[in-house]
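Structure assessment
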Amino acid sequence: MADALYVACAEVLSLCQSMKDDLAALLDPEKGFAPRLRDVCREQEDIELLRLESNTWGLLQAVMPYSTKTEPPSFTSARALLLENPYTPTSTLAQAIMNASPLLTELIVVREWLQETAPLPSQPEANTGLRTGQPGLGGLVREMDPDALGREEGKGLAADDASYERSLLQALYGYVRAGRLDDAVELCRRAHQPWRAASIRGSLLFQWKAISTEEGRSDDEDAMQEDDDSQGPSGNKNRRLWKSMCTRAALNPASRTRTHPLRSPIPSPATSTILKSACRTWEDHLWAQISIMCEEKESMELQKIGGAFWDPPLRSSSSATKIPETSTQAPEVEAREAEEKEWEKEVVGALENLKSIKVAEGPKAEHAFHFSQLWIVLDRIDALVDVFARGLVQGEYVRGGSEWVVLEAYLQVLEDAGQHELIAMYAGALGENAIDRYALFLVSLGLSADIGERRMALTRARDHGLDMERVAIAAAERSVDKAFEVLPPLKGPLPSIIAFQSEPSEAEMFLLRSIEWTTFMDTTYEIALEQANVILRYFLASGRVQISQQLLDILPPELASIAEPEERATEYLHYRQEDKAWVAEYRELIEQAYEQILKLLTSEWLVTDVESPAGDKRRKELVRIRQIYVPELIIRLHFLLYDSRHVILENLKLALDLTNVVADSRYRLYEDFVNEAGRKLGDYLSAVRQAVIGGLEGGGSDPFRVITCH
């Protein structure tokens, strides 16, 4: 699943990078960047973190159109609507109030997001009605009206009825929390509790499209909706009075059900404690807080304009004002702006309290996704990225900005997950840092990747818009620097070039293979020439003749034809000349050693069959000498041939052919290997095994191919 998730996210990034100049496409609510990533998370298995990430992308998409620094469209104010039409429904006025306040608009958008992402409640089991007690019997209520519990002291419901009532209230709250009031009303009707349905429907604003002045509707739309039932009146014409009554009922200490949030379905500061008591998750608390603030803001603005014909202010309200003839005087506009800023401070303060609120279920308020969601709601996206970046680097700032840090961290995740084919695409999103970052990834491949894998990784840079030559040069330079950080400096006594040389270390092989990055393309051969001189200079100054020979063998022959700069070309030519002279002499010495040792081994050296009274002691001494020197000569000759295989290719064949001499019954050399302190036959067989494996270095699956090919 993880691999599919990485690939899906990478495909989204690649697609959106191709349309990075089209802001409308990136912010599209269905096919934009955030909705695509949200859908990717939804398509994965049901994992809590992916659900939170999906919700976060959905929130970002929801608020992004309102967070862009563009000029907001102009709308008719609620006051102007009332001046034009005194019978404007309260729902139309509420819409105008929302349009006039960008912050209120964003809060309502966030509330709708919270409702869309809310889990659906489980349905309560069917119930035909409540059971009542008989006269004279205690325990159960004797009447069936909704207030019976509060009126009959000490009475309650039957156990099954009480359980059903609790599950019903939980389901109704779940529907209200999800913004599905119609489903809540239908559930009340199925439960034969129409009073609850009426209470919930009482929270709806009064609307009457036939007499409202709605902006953005064309004449054709009006004609199409003339016969529509939705043109008729709906909602609560006395919503203000209904809200006041529900608030008093919820706060009535005599009511045993006053602590349930559905007792007052219209949120308000007065009943905020009751509403928040039903909140279980962090999302519930955010929804409750935003619902209270939105409702209070709309109520306050409606009260300022004197309410409306359909929902006039209560008689006890003394703050209602008469609608002025105009609302565009500068002092009044400034006063509204100052009031809006003051309300914004209150909103920010209330939301910031959710940073550390305690939750009963689900991830805590301090969870990374909840932290991110809150900062998105507070329109602090840039600051959120900065905070996340500082967390990634443990409080340290790095170059390139916080976006660089976030992408860098994700690149590390991809590297750890082995998603190498995706790294070039994400690195390409780093802008001016892309070359360096992808070069660092190529360096991190180390010795584990063969030359084919290295070439493929470098080619991906070009496939994703990176300069392949610059990446290759950067990778080569950083590889050389990394190798020299580990290799010993050139100092101390001069090394011996005739002494036995050990196998190249990992650091030496890493330095040798650093030349590969600049030999894949002929356009980087000049850099390869410079790099080759640096590496050869170090190896030869360290007395490492054989590994320098390996380097010369893998370099492209075109390097020798480069004439400029002259000093660099001449140095490389001298290395080539020295190599040819050294190889010729080296070959001659090895041939001499091979011939002489082989002659000694096949000439019955120190073997005697002469029997005499005093010959037994002499024979034992000769056998002892052979047991000391013959195994040593065989193994040393083997390693001499094996170690020179890179310089003289046919020597590996000679090393394997030597086994036939050792196994030949005419010479019986195997008898000179004894299981004592000296060289054992097992030591030689281990060396032969190493040579057989060495036969695979040139490719193929036949380890004995070197015997037949040379």
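To start, this report covers the structure provided alongside it. Note that the structure is predicted; figures quoted are calculated from it, not measured. (Residues numbered from 1 in each chain as written. Predicted model: local features only at pLDDT ≥ 70, side-chain atom pairs only at ≥ 80, totals over all residues. Heavy atoms only, no water.)

Some remarks on the overall build of the protein
Going by this rule: What counts as a helix is a DSSP run of H or I of at least four residues, what counts as a strand is a run of E of at least two, and both are numbered from the N terminus. Residue burial is assigned from relative accessible area. The probe radius is 1.4 Å, only protein chains are included, and a residue is buried under 20% of its type maximum, exposed over 50%, and partly exposed in between. Contact criterion: two residues are considered in contact whenever any of their non-hydrogen atoms come within 4.5 Å of each other. Only the protein chains shown count as cover for residues, and all accessible areas are computed by the Shrake-Rupley method using a 1.4 Å probe.
When helices and strands are counted, the protein shows 31 helices and zero strands. In the protein, which comprises 710 residues, the share counted as buried stands at 42%. Sequence-distant contacts, at least 24 apart, represent 64% of the contacts inside the protein between residues at least 6 apart. In the structure as shown, the protein presents an accessible area of about 39500 Å², 53% of it carried by carbon and sulfur atoms.

Concerning the packing of aromatic side chains
How two aromatic rings sit relative to each other is set out by the distance from centre to centre and by the angle between their planes. Applied cut-off: In this scheme Phe, Tyr and Trp rings, the latter by its six-membered ring, pair at centre separations within 6.5 Å, and the angle between planes marks the pair as stacked below 30 degrees, edge-to-face above 60, and tilted otherwise. Two conditions define a charge sitting above a ring: the NZ of Lys or the CZ of Arg must be within 6 Å of the ring centre, and it must be within 35 degrees of the ring normal.
In this structure the tally under the stated criterion is six aromatic pairs. Summarising the aromatic geometry, the rings of Phe484 and Tyr538 are spaced 5.4 Å apart at their centres and angled 65 degrees between planes, so their arrangement reads as edge-to-face. Here Tyr538 lies in helix α25 (residues 525–541) and Phe484 lies in helix α23 (residues 468–486), a separation of 54 residues in the sequence. Here Tyr538 falls in the buried class, since its relative accessible area comes to 8%. For the ring pair Trp517 and Phe520, a centre distance of 6.2 Å and an interplane angle of 80 degrees mean the geometry is edge-to-face. Across this residue pair, the class does not change: Trp517 and Phe520 are buried. Each residue in the set Phe484, Tyr538 and Phe539 is aromatic and connected to the rest through ring pairs, giving one cluster. A cation over a ring is seen here: Lys297 above Trp343, with NZ or CZ 4.7 Å from the ring centre.

With respect to helix α7 (residues 102–116)
Rule in force here: By this rule the span expected of a helix is its residue count minus one, scaled by 1.5 Å.
Given a rise of 1.5 Å per residue, 15 residues ought to cover 21 Å, and the 21 Å separating the end C-alpha atoms of α7 matches this to within 8%. Considered for burial, the residues of α7 that qualify are Leu103, Leu104, Thr105, Glu106, Leu107, Ile108, Val109, Val110, Trp113, Leu114 and Gln115.

Quick word on the packing of α7 against helix α15 (residues 282–304)
Condition: Axis lines are fitted to C-alpha atoms, over the contacting stretch for helices. Their N-to-C directions set the angle, which ranges from 0 to 180 degrees. Crossing handedness is read from the near helix: turned anticlockwise from the far helix by less than a right angle, it gives a left-handed crossing, and turned clockwise, a right-handed one. Each residue receives one of three labels: charged for Asp, Glu, Lys and Arg, nonpolar for Ala, Val, Leu, Ile, Met, Phe, Trp, Tyr, Cys and Pro, and polar for the others, Gly being one of them.
At their nearest, the axes of α7 and α15 sit 9 Å apart, and the two run at 140 degrees to each other. Relative to α15, α7 is oriented so that their crossing is left-handed. Packed against α7, whose contacting residues are Leu104, Leu107, Ile108, Val110, Arg111, Trp113, Leu114 and Gln115, the element α15 presents Glu283, Leu286, Trp287, Ile290, Ser291, Cys294, Lys297 and Glu298 at the interface. Along the lines of polarity and charge, the residues of the contact of α7 with α15 split into 10 nonpolar, two polar and four charged.

Focus on the pattern of salt bridges
Opposite charge on two side chains makes pairing possible when the charged atoms of those side chains draw close. Quick reminder of the rule: Salt bridges are identified by distance alone: a Lys or Arg side-chain nitrogen within 4 Å of an Asp or Glu carboxyl oxygen.
Within this structure, the stated rule accounts for 23 salt bridges. With its nearest N and O atoms 3.8 Å apart, the salt bridge here joins Glu530 to Arg568. Separated by 38 residues along the polypeptide, Glu530 in helix α25 and Arg568 in helix α27 (residues 566–601) bring together distant segments of the chain. Among the ionic pairs, Glu632 bridges to Arg636, the shortest N-O distance being 2.9 Å. Placement of both Glu632 and Arg636 in helix α28 (residues 615–643) is noted, with a separation of four residues, approximately one turn of the helix.

Remarks on the nonpolar core
Note the threshold: Residues grouped as a nonpolar core are buried Ala, Val, Leu, Ile, Met, Phe, Trp, Tyr and Cys residues, joined through side-chain atoms within 4.5 Å.
By size, the foremost hydrophobic cluster in this structure holds 58 residues, and its most contacted members are Leu93, Leu107, Val110, Leu286, Ile290 and Leu351. At nine residues, α15 tops the list of elements feeding residues into this core. Setting aside residues no more than four positions away along its own chain, Leu107 makes contact with Ile290, Cys294, Trp343, Val347 and Leu351. Val583, Val647, Leu658 and Val661 belong to the second largest nonpolar core, which has 27 residues in total.

Topic: helix α22 (residues 451–463)
Our working rule: Here a polar contact is taken to be a pair of N or O atoms separated by no more than 3.5 Å, where protein atoms must pair a possible hydrogen donor with a possible acceptor and residues adjacent in sequence count only if both atoms sit in side chains.
For α22, with 13 residues, the first-to-last C-alpha span of 19 Å sits near the 18 Å given by 1.5 Å per residue. Within the span of α22, buried status applies to Arg454, Ala457, Leu458, Thr459, Arg460 and Ala461. Taking the backbone nitrogen of Gly452 as reference, a side-chain oxygen 3.1 Å away marks Asp450 as the first, capping residue of α22. Following α22 by one or two positions, Gly465 has its phi on the positive side, about 85 degrees.

Some details on a negative patch on the surface
Rules: Patch criteria: residues need more than 30% relative accessible area and no salt bridge. Like-charged residues are merged within 9 Å; nonpolar side chains of Val, Leu, Ile, Met, Phe, Trp and Tyr are merged within 5 Å. When charges are counted, Lys and Arg contribute as positive and Asp and Glu as negative, whereas His and the chain ends are disregarded. The atoms used to mark charge sites are NZ of Lys, CZ of Arg, CG of Asp and CD of Glu.
On the surface, Glu344, Asp379, Asp382 and Asp386 cluster together to form a negatively charged patch. Here Glu344 falls in the partly exposed class, since its relative accessible area comes to 39%.

Focus on a nonpolar patch on the surface
On the surface, a cluster of nonpolar side chains totalling about 270 Å² of accessible area is made up of Ile625, Ile628 and Tyr629. Among the secondary structure elements, Ile625 is positioned in helix α28. The exposure class of Ile625 is partly exposed, given its relative accessible area of 31%.

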